[in-house]
Every structure is written in C-alpha cells, then in structure tokens.
Amino acid sequence: MSNTNIKTRKLVEIGMLGAIATVLMLFEFPIPFIAPPFYELDFSEATIELVKILINLLINGTATAFVGEIGNYLLGCSFIIPAALIYKKRKTKKNALIAMVIGTIIMTVFGCFLNAYILLPTYATAFGMPIDAIVGMGSAINANINDVMTFVVIAVAPFNIIKGIVVSVITLLIYKHISPILKGNR
C-alpha cells in the first residue's frame, strides 16, 4: 500500500469514527439519582475523543460548552489511553476487560481530581455563581453532599464508574464488528 493510500485510509478512519462518535454523543443523558443534570453520560468514548469534541464544539460552541468539552476530552483520554496501552500488550478478551476496568478506575480518580480543583470552580465562575450553588445542586439529589469533596466522592465518582461500565459494554459489543474495517480487512 502506498503512503498516499495509507494516509487516505487513516483520514477515512478518523472521519468514520468521528461521525460515529458525534452521533453517539447526541444520545447523552443525565443520571439524575447520582449527579446534577449538567453531568451527562454519552456513549462516544468508545470511538475517537478529539474529533467528537471538535465537531460538537462547532455545533454547540459556547464558553461553558468549551470548558465542559475540555473536561470531557481529558476524562475520555484518561479512560482510553491506559485501556489502549494495556490492551495493546496482549490482545485477548480477558486483557480487554482488565484494560477497561483499569481505564474506568483511572478515569474515576482523575475525574474526581479534575472536577474538584478545575472544572467545578471554572463552571462556578463561568455561570457567575458561587461554588456552593453547584454543591447545592448535588445536595438536592443526595443530602450527604455538603461540600466540593463530598460532591466529587458521592456524585462524580459514581457517575464516572457508571460511564466507564457503559462505555466498556458498548466497546465490547461493537469492537468485533468495526475492527475489520479499522484493520483494513474490509
């Protein structure tokens, strides 16, 4: 295969995965019993992070959306990169499951840190409200949430665990079907 054909193939793959990710991102929904409604679960981490974020920003670009999309991108990468590195070493179904569990754990821990120290304060500033108002949104769902740390432990951590599980299940369901296309076998 020539260099031009390889570059064209990669571009088509990125475009295809980006389109799939964008469509999957349209099916986002909150988990109202866990976190405030601005935390939305979408199924697109199973494909390609950066392309979906850029496309979504072009469609729904606002300052607060930008902050959310950066957070979404970083969290998606914190799941995908460790999972991909682990799976790359040994491509078995068992190792894929281990990779996704580790990716979910890393995303959850990183998500708590990112939310506590960067995203929640940035959202509070962007919306012109005290951070206590955001904590109050969490308290409305779970009375045990009374500060930023309990917010991230009781709302953000379970949200990211659920997100990691859902993304892992979807990945397991669709990977076999799209891997021949990605590997050039179709």
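Residues numbered from 1 in each chain as written. Predicted model: local features only at pLDDT ≥ 70, side-chain atom pairs only at ≥ 80, totals over all residues. Heavy atoms only, no water.

## Some details on the confidence of the model for the chain
For the chain, the average pLDDT comes to 81, and 71% of its residues sit at 70 or higher. Across the chain, element-level confidence peaks in helix 5 (residues 131–141) with a mean pLDDT of 94 and bottoms out in helix 2 (residues 49–60) with 62. (pLDDT = per-residue confidence, 0-100. Helix = DSSP H or I, 4+ residues; strand = E, 2+ residues; numbered from the N terminus.)

## Structural notes on the packing of aromatic side chains
With the rule as written, the count across this model stands at two aromatic pairs. Ring plane angle 20° and centroid distance 6.2 Å describe the contact between Tyr123 and Phe127, whose orientation is recorded as stacked. Of this pair, Tyr123 and Phe127 both sit in helix 4 (residues 93–127), four residues apart, which is roughly one turn of the helix. (Phe/Tyr/Trp six-rings, centres within 6.5 Å; stacked < 30°, edge-to-face > 60°.)

## Some words on helix 4
Given 3.6 residues to a turn, an α-helix orients residues that are three or four positions apart in the same direction. For helix 4, built from 35 residues, the straight-helix expectation of 51 Å at 1.5 Å per residue is missed by more than 12%, its first-to-last C-alpha distance being only 44 Å. The sharpest bend along helix 4 comes to roughly 55°, located at Asn115. Within two residues after helix 4, Gly128 carries a phi angle of roughly 65°, on the positive side. (Expected span 1.5 Å × (residues − 1). Bend = angle between axes of the 7 residues up to and from the residue.)

## Let's talk about the side chain of Ser168
Of note, Ser168 is situated in helix 6 (residues 148–182). You can call Ser168 buried: its relative accessible area is 10%. (Buried < 20%, exposed > 50% of the residue type's maximum accessible area, 1.4 Å probe, protein only.)

## A few points about helix 5
Those residues of helix 5 that fall on the buried side of the exposure criterion are Ile134, Val135 and Gly138. Seen along its axis, helix 5 keeps its buried residues to an arc of 100°; they face one direction. Exposed residues pointing more than 90 degrees away from the buried face of helix 5 are listed as Asp132 and Ala140. (Arc of directions from axis to C-beta.)

## Comments concerning the environment of Ile165
You can see Ile165 is positioned in helix 6. Between the alpha carbons of Ile165 and Met100 there is a distance of 8.2 Å; along the sequence they are 65 residues apart.

## Digging into a nonpolar patch on the surface
On the surface, a cluster of nonpolar side chains totalling about 410 Å² of accessible area is made up of Phe113, Tyr117, Ile118 and Met149. Considering each element in turn, the nonpolar patch owes the most residues, three residues, to helix 4. Within the fold, Met149 resides in helix 6. Of the residues examined, Met149 reaches a relative accessible area of 40% and is grouped as partly exposed. (Patch = residues over 30% accessible without salt bridge, like charges linked within 9 Å, V, L, I, M, F, W, Y side chains within 5 Å. Areas by Shrake-Rupley, 256 points an atom, 1.4 Å probe, with all protein chains shown as cover. Salt bridge = Lys/Arg side-chain N within 4 Å of Asp/Glu carboxyl O.)

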